[in-house]
Amino acid sequence: MRTRVLFAALAVAAVSYAKDIKTVVLKTQPEMHCMGCEKKIKENIRFEKGVKSIVTNLDDKTITIEYDAEKTNVKNIIEGFKKIKYEATEVKSEPEKKVDAVTGATQKK
């Protein structure tokens, strides 16, 4: 019986510590047009607080960034681009996701 109560308490605690992971798709001005631009963006933006992953697409010239919404927001990420002489604009935001702190599983809200 005690094991069940302990497990239930741990499950509740894990849900309360789930991270709020969001995704935003951006385009830049000047446009990201070569591997050099791609490298510059990835190497610099990855240091912005809360950024979890960066995926660039040279074909459609977009940057998809997953970030922890508890640590940053789209406005702060866009400000990070200004530091490296790019103007970033939001193309779209994807539905926010919750990441379970224990299992690492991603769930859409």
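Please refer to the structure placed before this passage.
Residues numbered from 1 in each chain as written. Predicted model: local features only at pLDDT ≥ 70, side-chain atom pairs only at ≥ 80, totals over all residues. Heavy atoms only, no water.

Participant: I would appreciate a short explanation of the overall build of the protein in the present structure.
Facilitator: Scanning the protein from N- to C-terminus turns up three helices and five strands. Mapped from its N terminus to its C terminus, the protein presents α and β elements in the order α-β-α-β-β-α-β-β. For the protein, the residues scored as buried account for 33% of the 109 residues in total. In the protein, the share of contacts with a sequence separation of at least 24, taken over all contacts with a separation of at least 6, comes to 64%. As displayed, the protein has an accessible area near 7,400 Å², and 54% of this comes from carbon and sulfur atoms. (Helix = DSSP H or I, 4+ residues; strand = E, 2+ residues; numbered from the N terminus. Buried < 20%, exposed > 50% of the residue type's maximum accessible area, 1.4 Å probe, protein only. Contact = heavy atoms within 4.5 Å. Areas by Shrake-Rupley, 256 points an atom, 1.4 Å probe, with all protein chains shown as cover.)

Participant: Just to check I follow, could you spell out helix α2 (residues 35–45) for this structure?
Facilitator: Residues lying three or four places apart along an α-helix face the same way, a consequence of the helix completing one turn every 3.6 residues. Burial in α2 covers these residues: Cys37, Glu38, Ile41 and Ile45. All buried residues of α2 fall inside an arc of 100 degrees around its axis, so they share one side. Away from the buried face of α2 by more than 90 degrees, exposed residues Met35 and Lys39 are located. Where α2 is buried, its residues contact β1 (19–29), β2 (51–57), β3 (62–68) and α3 (74–83). (Arc of directions from axis to C-beta.)

Participant: Looking at this structure, I do not really get the nonpolar core. What am I missing?
Facilitator: Side chains of nonpolar character tend, in soluble globular proteins, to be buried together. Ranked by internal contacts, the top residues of the largest apolar core, which has 18 residues, are Leu26, Ile41, Ile45, Ile63, Ile65, Ile77 and Phe81. Of all the secondary-structure elements, those providing two or more residues to this core are β1, α2, β2, β3 and α3. Ranked by residue count, the leading element in this core is α3, at four residues. Once residues lying within four places of it in the same chain are set aside, the contact partners of Leu26 are Lys61, Thr62, Ile63, Ile65, Ile77, Ile78, Phe81, Ala88, Thr89, Glu90 and Val91. (Core = buried A, V, L, I, M, F, W, Y, C linked by side-chain atoms within 4.5 Å.)

Participant: How do you make sense of unusual backbone geometry when you look at a structure like this?
Facilitator: Negative phi values dominate among residues other than glycine, just as trans dominates among peptide bonds. At the junction of Gln29 and Pro30, the peptide bond is cis and its omega measures out at 0 degrees in the coordinates. For Pro30, the location among the structural elements is in the loop between β1 and α2. In this structure, Lys61 takes a positive phi of about 60 degrees despite not being glycine. Along the chain, Lys61 turns up in the loop between β2 and β3. Residue classification places Lys61 among the partly exposed residues on the basis of a relative accessible area of 24%.

Participant: Looking at this structure, how should I read the pairing of β2?
Facilitator: On a regular strand, one side chain projects to one face of the sheet and the next to the other, so that they alternate. Relative to β3, β2 is paired through six bridges, and the arrangement is antiparallel. Bridging across to β3, Thr56 finds its partner in Ile63. With antiparallel pairing between neighbouring strands as the criterion, β2 and β3 make up a hairpin whose turn holds four residues, including Lys61 at a positive phi of roughly 60 degrees. (Pairing = 2+ DSSP bridges.)

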